[in-house]
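One-letter residues, chain by chain:
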Amino acid sequence: MRKIFSHTEGMITEPMHYCPGCTHGIIHRLVAETLIELDIRERAVGISPVGCSVFTYKYFRCDMFQASHGRAPAVATGAKRCRPELIVFCYQGDGDLAAIGTSEIIHAANRGEKITCIFVNNAIYGMTGGQMAPTTIPGQRTSTTPGGRNVADDGFPLKMSEILAQLQTPGYVARVSMHSPAEIIRAKQIVKKAFEYQVRNTCFSFVEFLSTCPTNWGLSPVESLNWMKNNMLPYYPLGEHKVPEPGKGGTE
Amino acid sequence: MAKILMKGNEAIGEAAIKAGCLHFFGYPITPQNELPEYLSKRLPQVGGRYIQTESEVATSNMIFGAAGVGVRVMTSSSSPGISLMSEGLSYLAGADLPVVIVNMMRAGPGLAGILPAQSDYAHATRGTAHGDFHLLVLAPSSVQEAVDLTMLSFELAEKYRMPVMLLGDGMIGQMMEPVSFPETEVGPPMQADDWALTGCRGREPRLVSSLFLDPVELNAKNHERFARYAVVAQNETRYETFNCDEPYDILITAFGVMSRVCKSAIVALKEQGVHVGMFRPITVQPFPSAALSEAIGKARRVLDVEMNMGQMLVDVQLAAKGRVEVDFLGKCGGLTPSIEDVVEAVYDSLTKAEGGG
Ligand SMILES: Cc1ncc(C[n+]2csc(CCOP(=O)(O)OP(=O)(O)O)c2C)c(N)n1
Ligand code: SF4
């Protein structure tokens, strides 16, 4: 019999703590597969954030930091600048990256740090119980926007990929989604590309994942995928928002 | 090596290189700017890197990343910037990472002033950030001592796996004094093979973290850390005494540059027939309580002199153990008690001692 799916060596076989239907787990898998396929696991250093993915260090089979809330790109900067031979990646949620850590991600991207950031946008604060995130969709109900996000009071959701894409510094910025197998396959290619830019020392790379939070959205796993497709995709367009221009991209 | 004339801030930068520190992360703030400026020029000459950060919050987390991959690293700042580093300092302590942080203190609170002060003694020694931890804090009183203690800071940080702070003030940073350095060009790299994150080739993956959700494990971790602090207190407590070999009536306590003014006052008082000793902690954390307590035992009264509203005063009072009164002379905002101020305060203390007050 031909084996068509198996455990990836990039991950530790620890049962995950994520809720049923949460797409955090799939995103882990894509990153872990990439570490193996590019043969970089043994020189990789990952950085786990504060949020539902605080325990990523239990799942990736590589050296890991656990960082303070929002500062993963600063920790990554310290690690990469001191040991450029390492492959350094951050894994962050939207509260972590787009609220408390906005400064760190923008400046790491703008300095052109040769790191890879995996950004999980689930439009909510998962770990703390479903409060409004900077990425919460207008009208979306959360535990701190019981009447739905009111843009007059709370402003509009931050589009981090678009914000980072407009920086002058060369970089790779893409947004992908976890709502269908086809999109997951597409996401995998983009994650791989993002890491390849780091391996070739080309530029900063950033992949935003649209991800579900069935628990705090109050929806079933399938309803969550549909809600994401119908509500998040129109606001957060998928695709490569920035690629390093040939000849101008970093040191490539 | 021959002595050269150098500003404190620059001398500390050179001392870091001699100690083998090739990475510096920092954000500009007066009165320590000469230090990062010096290193931005010098580090590339010796194969090192200077990185200007977007904030001190970021700085404190960058040095977390740098130390975590086993590289010797330093940052420097001044009071308001050190406040912003509190987050990182707590995480650094919680993950047992060795780093050196320079605080060239200025007047506080708030944005306050840019002139020298000793306004962050309490922050450095007690209320640094959330959680149970200490820094190891060294307080130099001259440029040469700043050089020596900078080099010692790295050694102690790595030996005891903890963040070390060099607590200076704007005066130490700005004044020029003759200094000498060891002959070495650049010290050897940090030894961190058994714990640093360097990629897991040929070994199990490692973790650098301050997260311990299991209360039993966290309790044990903090007890282990405090047992280490006890060893630090046992082995590394440093202080200087001045004019304490002869009997004295008043004992002055002072740290950093303030002690130099006090020494001049003591010399002047000696000529007037007044016997005053001085005790200067060099490590302010761990505080040399036992030695100070012994010195206080020979005095009729104590006078604590600081460039703040009385922060080390608490430690001096604890060492006095209620046996004698502790008077306080302090100026802040960028003002420094003068020799005359100290002389006058000593006479006041003497009067009170004689009046039994
Ligand atoms: C300095 C600080 N502030 C607040 C918190 C509390 N906190 C923990 S997780 C979290 C939100 C994380 O949400 P997000 O980044 O969206 O990740 P998710 O849980 O949704 O994956 C917050 C606010 C903290 N740990 N530290
Ligand atoms: S709370 Fe939401 S984001 Fe967190 S694990 Fe559960 S489903 Fe996933």
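Let me sum up the structure you'll find in this document.

Quick notes on the rules
- Residues numbered from 1 in each chain as written.
- Chains lettered and ligands numbered in written order.
- Predicted model: local features only at pLDDT ≥ 70, side-chain atom pairs only at ≥ 80, totals over all residues.
- Heavy atoms only, no water.
- Helix = DSSP H or I, 4+ residues; strand = E, 2+ residues; numbered from the N terminus.
- Rg over C-alpha atoms; globule rule 2.2 N^0.38 Å.
- Buried < 20%, exposed > 50% of the residue type's maximum accessible area, 1.4 Å probe, protein only.
- Contact = heavy atoms within 4.5 Å.
- Lys, Arg positive; Asp, Glu negative; His and termini not counted.
- Charge placed at Lys NZ, Arg CZ, Asp CG, Glu CD.
- Near = heavy atom within 4 Å.
- Nonpolar A, V, L, I, M, F, W, Y, C, P; charged D, E, K, R; others polar.
- Polar contact = N/O pair within 3.5 Å; in protein donor to acceptor, adjacent residues only side chain to side chain.
- Areas by Shrake-Rupley, 256 points an atom, 1.4 Å probe, with all protein chains shown as cover.
- Pairing = 2+ DSSP bridges.
- Axes fitted to C-alpha atoms, helices over the stretch in contact; angles between N-to-C directions.
- Buried area = accessible area lost by both parts, 1.4 Å probe.
- Salt bridge = Lys/Arg side-chain N within 4 Å of Asp/Glu carboxyl O.
- Expected span 1.5 Å × (residues − 1).
- Arc of directions from axis to C-beta.

## Thoughts on the overall build of chain A
Now for step 1: Counting secondary structure elements, chain A contains 9 helices and 7 strands.
Now for step 2: The C-alpha radius of gyration computed for chain A amounts to 17 Å, which stays within 12% of the reference 18 Å derived for 252 residues, consistent with globular compactness.
Now for step 3: Overall, chain A is about 50 × 50 × 30 Å in size when its C-alpha atoms are taken along their principal axes.
Now for step 4: Expressed as a percentage of the 252 residues in chain A, the buried residues total 58%.
Now for step 5: Counting contacts in chain A only where the partners sit at least 6 residues apart, residues at least 24 apart contribute 68% of the total.
Now for step 6: Placing the 25 positive and 22 negative side-chain charges of chain A at their respective mean positions leaves the two points 3 Å apart.

## Here's the deal with the site of ligand 2
All names here are of chain A.
Now for step 1: The environment of ligand 2 is made up of Tyr18, Cys19, Cys22, His24, Cys52, Asn122, Gly126, Cys213, Pro214, Thr215 and Asn216.
Now for step 2: The greatest single-element share of the shell around ligand 2, amounting to 3 residues, is contributed by helix 8 (residues 214–217).
Now for step 3: Among the residues forming the shell around ligand 2, the class breakdown is 6 nonpolar, 5 polar and no charged.

## Some words on the site of ligand 1
Residues and elements named next belong to chain A.
Now for step 1: Taken together, the neighbourhood of ligand 1 is formed by 16 residues, with Cys52, Asp94, Gly95, Asp96 and Gly126 sitting nearest.
Now for step 2: Separating an oxygen atom of ligand 1 from a backbone N or O atom of isoleucine 124 is a distance of 3.1 Å.
Now for step 3: Within the backbone of glycine 126, one N or O atom sits 2.7 Å away from an oxygen atom of ligand 1.
Now for step 4: For ligand 1, the accessible surface in isolation is 600 Å², of which the surrounding protein chains cover 75%.

## Thoughts on the sheet that holds strand 9 (residues 207–208) of chain B
Now for step 1: In space, the 8 strands of this open sheet follow the order 7(A)-5(A)-6(A)-4(A)-3(A)-1(A)-2(A)-9(B), with mixed pairing throughout. Only two strands of the sheet have a single partner each, and these edge strands are strand 7 (239–242) of chain A together with strand 9 of chain B.
Now for step 2: In the sheet, strand 1 (residues 44–48) of chain A pairs with strand 3 (residues 87–93) of chain A via 4 bridges, with the strands oriented parallel. The residue bridging glycine 46 of chain A from the neighbouring strand is phenylalanine 89 of chain A, located in strand 3 of chain A.
Now for step 3: Sitting on the sheet, helix 3 (residues 56–68) of chain B is in contact with strand 2 (63–66) of chain A together with strand 9 of chain B, with an inclination near 155 degrees to strand 2 of chain A.

## A closer look at the sheet that holds strand 13 (residues 283–285) of chain B
Residues and elements named next belong to chain B.
Now for step 1: Spatially, 7 strands are ordered 3-2-4-5-7-6-13 in an open sheet, and the strand pairing comes out mixed. The outermost strands of the open sheet, each flanked by one partner alone, are strand 3 (49–52) and strand 13. Recorded for the sheet is a direction-independent mean angle of 25 degrees between the axes of neighbouring strands.
Now for step 2: Relative to strand 3, strand 2 (residues 23–26) runs parallel, the two being bridged by 4 bridges. When the bridges of strand 3 are listed, histidine 23 appears paired with arginine 49.
Now for step 3: Of the strands in this sheet, strand 4 (73–77), strand 5 (100–105) and strand 7 (164–169) are in contact with helix 1 (residues 8–18), which crosses strand 5 at around 175 degrees.

## Things to note about the interface of chain B and chain A
Now for step 1: In this assembly, 36 residues from chain B lie in contact with 31 residues from chain A.
Now for step 2: Taken together, the two surfaces of chain B and chain A that pack against each other cover about 2700 Å², and 62% of this comes from carbon and sulfur.
Now for step 3: Three residues, Glu54, Val69 and Leu211 of chain B, lead the burial of chain B against chain A; their summed loss comes to 18% of the area buried on that side.
Now for step 4: Taken together, the links from chain B to chain A amount to 4 salt bridges.
Now for step 5: Its salt-bridge partner being arginine 111 of chain A, residue glutamate 54 of chain B comes within 2.8 Å of it at the nearest N-O pair.
Now for step 6: Our count for the contact surface shared by chain B and chain A stands at 15 residue pairs in polar contact (both at pLDDT 80 or more).
Now for step 7: Elements that contribute at least two residues to the side of chain B that touches chain A include exactly strand 2, strand 3, helix 3, helix 4 (79–94) and strand 9 of chain B.

## Description of the pairing of strand 8 (residues 176–179) of chain B
Residue and element names in this part refer to chain B.
Now for step 1: Of the two faces of strand 8, only the one carrying Glu177 and Val179 is buried; Met176 and Pro178 on the other face are not.
Now for step 2: Alignment of strand 1 (residues 4–7) against strand 8, held across 4 bridges, turns out to be antiparallel. Bridged to leucine 5 within strand 8 is proline 178.

## Considerations on helix 9 (residues 221–232) of chain A
Residue and element names in this part refer to chain A.
Now for step 1: Between its terminal C-alpha atoms helix 9 stretches 15 Å, which fits the 16 Å expected from 12 residues at 1.5 Å a residue.
Now for step 2: Buried within helix 9 we find Ser224, Trp227, Met228 and Met232. In an axial view of helix 9, the angular spread of the buried residues amounts to 100 degrees, which keeps them on one side of the axis. Of the exposed residues in helix 9, those oriented more than 90 degrees away from the buried face are Val222 and Asn230.
Now for step 3: Of the surrounding secondary structure, the elements contacted by the buried residues of helix 9 are strand 4 (116–121), strand 5 (171–177), strand 6 (204–210) and helix 8.

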